[in-house]
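Residues per chain are reported as follows:
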Amino acid sequence: MIGINAFFGDKERPFTLSDDMVTELEAKTETGIGVLYQRLLGQAFKLADLAEVIRLGLIGGGTSPEEADRLVSTYARNRPIAEVLPLATAILAARWLGADEVQADG
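Now for a description of the structure that goes with this document. The structure displayed is predicted, hence computed values, not measured ones.

Description of the pattern of salt bridges
Following the criterion strictly, the structure yields seven salt bridges and no others. The salt bridge partner of Arg13 is Asp10, with a shortest N-O separation of 2.4 Å. Between Glu52 and Arg55 there is a salt bridge, with its nearest N and O atoms 2.9 Å apart. Within this pair, Glu52 and its partner Arg55 are both found in helix α3 (residues 47–60), separated by three residues, close to a single helical turn. Accessibility expressed as a relative area gives 13% for Glu52, which makes it buried. Looking at Arg55, the relative accessible area reads 12%, which means it is buried.

Notes on unusual backbone geometry
With a phi close to 55°, Glu30 is a non-glycine residue in the positive phi region. On the secondary structure map, Glu30 appears in the loop between α1 (19–29) and α2 (33–41). Phi is positive for Asn78, close to 60°, though the residue is something other than glycine. Take Asn78: its relative accessible area is 81%, and that puts it in the exposed class.

Structural notes on the nonpolar core
By size, the foremost hydrophobic cluster in this structure holds 34 residues, and its most contacted members are Ile4, Phe15, Ile54 and Leu92. Every element with two or more residues in this core is listed here: β1 (3–8), α1, α2, α3, α4 (65–75) and α5 (81–97).

Some thoughts on the environment of Ser18
Inspection of the secondary structure assignment puts Ser18 in the loop between β2 (11–16) and α1. Residues Ser18 and Gly60 lie 42 residues apart in sequence; the distance between their C-alpha atoms is 5.8 Å. If sequence neighbours within four positions are ignored, Ser18 has contacts with Ile2 and Arg95.

Looking at the packing of α3 against α4
In helix packing, the relevant descriptors are the interaxial angle and the interaxial distance, both defined with respect to the helix axes. Here α3 crosses α4 at 145°, and the two axes come no closer than 9 Å. Classified by chirality, the crossing of α4 by α3 is right-handed. Where α3 approaches α4, its residues Ala51, Ile54, Arg55, Leu58 and Ile59 are matched on the opposing element by Pro65, Ala68, Asp69, Leu71 and Val72. Looking at the contact of α3 with α4, its residues break down into eight nonpolar, no polar and two charged.

Regarding the pairing of β1
For a regular strand, side chains alternate in direction, first toward one face of the sheet and then toward the other. Here six bridges tie β1 to β2, and the two strands are oriented antiparallel to one another. For Ile4, the partnering residue across the bridge sits in β2 and is Phe15. Taking the residues between adjacent antiparallel strands as the criterion, β1 and β2 are bridged by two residues, where Gly9 takes a positive phi near 80°.

Rules and cut-offs
Residues numbered from 1 in each chain as written. Predicted model: local features only at pLDDT ≥ 70, side-chain atom pairs only at ≥ 80, totals over all residues. Heavy atoms only, no water. Salt bridge = Lys/Arg side-chain N within 4 Å of Asp/Glu carboxyl O. Helix = DSSP H or I, 4+ residues; strand = E, 2+ residues; numbered from the N terminus. Buried < 20%, exposed > 50% of the residue type's maximum accessible area, 1.4 Å probe, protein only. Core = buried A, V, L, I, M, F, W, Y, C linked by side-chain atoms within 4.5 Å. Contact = heavy atoms within 4.5 Å. Axes fitted to C-alpha atoms, helices over the stretch in contact; angles between N-to-C directions. Left-handed = near helix turned anticlockwise from the far one by under 90°. Nonpolar A, V, L, I, M, F, W, Y, C, P; charged D, E, K, R; others polar. Pairing = 2+ DSSP bridges.

Taken by themselves, the reported measurements are silent on function.
Below, the structure is given as structure tokens:
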């Protein structure tokens, strides 16, 4: 399993970085998935990386693109990085390691 459920905004939501969402993430961040994951783990990420991981994870989990954008604008942008980073990292880790290996703190 490559998806997780995590609390985001006002309830538990599914997040999945499907192959299509990974391709979109790589295009949006102009970075390969491996380098992006390393950037998050090494705390060398760009702020926009966090929002894109969450937004695309929501879409991959079944949220409409419009709703995902609204949720990210409301609950991920202009928030302390310490609130957003654990969720973005957990979404990427689920894709990298499998959801059974990941505990979402987002």
